[in-house]
Amino acid sequence: MRPNWDREPPLLEHFIVSVFYDKRLLQFGRKPDENISIDPQEILRSMQGEGGGRVFHKVHNDLKIVLGLSPVHATAQHLVDDQHNPGGTQQLPPTTEEILTVCPRFRILVIGKTGVGKSSLINHAFGVTNAAPSHDQRGKCNIEIELFSSQNDRFVLHDSEGFEPGEVEKYATVKKFVQHRREQHDLKDQLHAVWLCLAIPHAGGRLLEAAVEDFLISKSVTLENVPLIVVFTKYDKLLDSVEESAPEDIDDETLQMHVEKTAKSLVQTCCIEPIQQVTNGTIPHAVVSTEAGHDGTLIELVKLTFEHVSKHVANEASTVTAMAQRVYPELKIIESIAIGKKRYWKTLASSPNFVGHTIWDCLYVIHSDIVSVWNFYDPACYLSSDGFRKLVVKGLEDLHVRTASDPNKVLVASLPLIASIAGTVGALAGPAAPIVLPIAAGLVLAKWVYDVYQQSRVVQQRFMTYIVDLTHILEILFVIVGGSHKKLTRRAIKLALDIYLKSDIKAQAYDKIGRYRDVGSRDPVLQTIESLITPKQSDWAGSTDLHNKVQSAGPLNQDEEW
């Protein structure tokens, strides 16, 4: 079998790519040749460490292709590192690389009848467009098939049909599959969560079939510690139904209150109480809709899933859960902090991890960890590129210049993040002119970047500023692309950077960092960083509306130079 490259693969001379085809899949008689397209950028991404190992996966129809990547002389990441590390010192290993070696993907089983909304749920929760049920025959799901997405390589999906009346074999198949996954030794091969999708019944419809009841009753035996979340889908249809039957002589505000209150009551009586009666207790559940305006329901589902994975499965699985989801930016920040605390953010004032390394080396590994957690669809690796890293570093050069001489001008209540972004959106209206940043791109960095790490307040401030800047830039980027399945462009990244550089949020952060003094607490640097990047819930009010405005104000899918 010969790969058909979408375009000439980069760095191919440095790698041997071996493709193994399982002979058990072959049938008698020769079939016509079939081309399978492989995007070399996706392979390059998996080679660079942040992608989690040296294995590339692709699914084509019922064929799973696994490319084992064996370095001959140097990996792509090492080739890049050598350009930034002419002295030849050993690079600092990202913490996320170690985590992803243990558990590269969030493994989830989604159970539900055809039409319940499984594909839409997966597409929205994980920011992809190609999540689709797997079939080995017409209308038959194959629970064993691993479904991967090139748009988000941090999760692997197993799909199972719902339990129909009298079809006991489906229930038996699910039990056998779950037991098999429980017996796996490696965390990456184990099941990390199950979503049982049930459509909210209407007009007296039945919620639970007998097999579903059996599954819920025996869940503690069947699943053991694997988290099960019951997902009640199509909440928007319930709201529409309630609104259609509401009195006609009420105003809009009263109507909305009536609809929400009535729908909540119906969910309680028609969905939650039947589950509680079957299980003799509570069970984690979420009410969701994938329609516009209901993003909060998906966030609640992701939060609930993360909480239970964190509680019942190994830490690496919860980290990858946070990476995989693309609806809840706060979780990205929370997990970035957690990963930073494991090694590189701890004791930045006197870090033993950085001794003998340049400031660039230290910022490089911090950057890699943060970008890995956010997990944008970035096949060109723009967020890991030298150009973007330099732009973020250049933002540090005016740290002391931008520290306000008149604190009253800065220490006022700043606009929420969303308002700060909205103030810049208007600049995109009209013809799509290149975004001009208030910092110069492509110039030589200041000498301090290449100095060897040393313990000083200035170094502490620069590290703090870099982490805060990068986190807020990615936070803004997340809002303006809306967890999109579309490829990141430098234009979108530059817009996020431009918004941040002009925001009150940056001014306040720089003022606080500029005034930073070690006050004698256990880790004052880490405490300051957390206080500056932990988002408030109000920061995200109206993010959906803002995303829509950004998309309508100007194209972000076209690329441009840094």
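Residues numbered from 1 in each chain as written. Predicted model: local features only at pLDDT ≥ 70, side-chain atom pairs only at ≥ 80, totals over all residues. Heavy atoms only, no water.

Quick notes on the sheet that holds strand 13 (residues 285-287)
Think of a sheet as strands paired side by side through backbone hydrogen bonds, with each pair either parallel or antiparallel. Under the convention used in this document: Strands are labelled as partners when DSSP assigns at least two bridges between them. In this text, helices come from DSSP runs of H or I with a minimum length of four residues, and strands from runs of E with a minimum of two, each type numbered from the N-terminal end. The axes are straight lines fitted to the C-alpha atoms, using for helices just the contacting stretch, and the angles between their N-to-C directions are given from 0 to 180°. Working rule for contacts: check all heavy atoms of both residues, and any pair within 4.5 Å makes them a contact.
Across the sheet, which stays open at both edges, the six strands sit in the order 9-10-6-11-12-13 with mixed pairing between neighbours. This sheet does not close on itself; its edge strands, each paired only once, are strand 9 (147-149) and strand 13. In this sheet, adjacent strand axes meet at a mean angle of 25 degrees when their direction is disregarded. Alignment of strand 12 (residues 228-233) against strand 13, held across three bridges, turns out to be parallel. Within strand 13, the position partnered with Val-230 by the bridge is His-285. Relative to the sheet, helix 11 (residues 315-324) contacts strand 6 (106-112) and strand 10 (152-161), its axis offset from that of strand 10 by approximately 95 degrees.

Comments concerning the pairing of strand 6
Counted only if it meets this: Throughout, exposure labels follow a simple rule: accessible area from a 1.4 Å probe, protein chains only, divided by the maximum for the residue type, with under 20% read as buried, over 50% as exposed, and the rest as partly exposed.
Judged by how many residues are buried, strand 6 sits mostly within the fold: seven of seven residues are covered. With burial as the criterion, each face of strand 6 is covered, one bearing Phe-106, Ile-108, Val-110 and Gly-112 and the other bearing Arg-107, Leu-109 and Ile-111. In terms of strand pairing, strand 6 meets strand 10 through seven bridges, oriented parallel. Paired with Val-110 across the bridge in strand 10 is Asp-159. Alignment of strand 6 against strand 11 (residues 193-199), held across four bridges, turns out to be parallel. Of the residues in strand 11, the one forming a bridge with Ile-108 is Ala-193.

Comments concerning the packing of aromatic side chains
For clarity, the cut-off: Aromatic rings from Phe, Tyr and Trp, taking only the six-membered ring of Trp, are treated as a pair when their centres fall within 6.5 Å; an angle between ring planes under 30 degrees marks them as stacked, one over 60 as edge-to-face, and anything in between as tilted.
Tallied over the entire structure, the rule returns 14 aromatic pairs. Ring plane angle 40 degrees and centroid distance 6.2 Å describe the contact between Phe-106 and Phe-126, whose orientation is recorded as tilted. Residue Phe-106 is found in strand 6, and its partner Phe-126 is found in helix 4 (residues 118-126); the two are separated by 20 residues along the sequence. A ring pair is formed by Trp-374 and Phe-376, whose centres lie 6.1 Å apart and whose planes are at 10 degrees; its orientation type is stacked.

What about helix 3 (residues 95-102)?
Operational definition: The arc in question is formed by the directions pointing from the helix axis toward the C-beta atoms.
Three or more residues of helix 3 are buried, namely Thr-95, Thr-96, Ile-99 and Leu-100. Looking straight down helix 3, one finds its buried side chains confined to an arc of 125 degrees; they lie on one side. On the buried face of helix 3, the contacting elements are strand 10, helix 11, helix 12 (329-342) and helix 13 (359-374).

Focus on the packing of helix 17 (residues 457-481) against helix 20 (residues 524-533)
The test is simple: Roughly parallel means an angle under 35 degrees; roughly antiparallel, over 145; roughly perpendicular, 65 to 115; everything else is oblique. By convention, the crossing between two helices is left-handed when the near helix turns anticlockwise from the far helix through less than a right angle, and right-handed when the turn is clockwise. Charged residues are taken to be Asp, Glu, Lys and Arg, nonpolar residues to be Ala, Val, Leu, Ile, Met, Phe, Trp, Tyr, Cys and Pro, and polar residues to be all remaining types, Gly included.
At a closest axis distance of 10 Å, the pairing of helix 17 and helix 20 adopts a crossing angle of 25 degrees. Of the possible angle classes, the one that applies to helix 17 and helix 20 is roughly parallel. Considering only the axes of helix 17 and helix 20, their crossing is right-handed. In this structure, helix 17 contributes Gln-460, Met-464, Ile-467, Val-468, Thr-471 and His-472 to the contact, and helix 20 contributes Val-525, Thr-528, Ile-529, Leu-532 and Ile-533. Partitioning the contact of helix 17 with helix 20 into residue classes produces seven nonpolar, four polar and no charged.

Quick word on the nonpolar core
Test applied: Grouping buried Ala, Val, Leu, Ile, Met, Phe, Trp, Tyr and Cys residues that are joined through side-chain atoms within 4.5 Å yields what is termed a nonpolar core.
Formed by 66 residues in total, the largest nonpolar core has its most connected members in Trp-345, Phe-354, Phe-463 and Leu-477. Secondary structure elements with two or more residues in this core: helix 12, helix 13, helix 14 (386-396), helix 17, helix 18 (490-501), helix 19 (504-514) and helix 20. No other element matches helix 17, which puts 14 residues into this core. Once residues within four sequence positions are removed from consideration, Phe-463 is found in contact with Leu-348, Phe-354, Ile-359, Cys-362, Leu-363, Ile-366 and Tyr-453.

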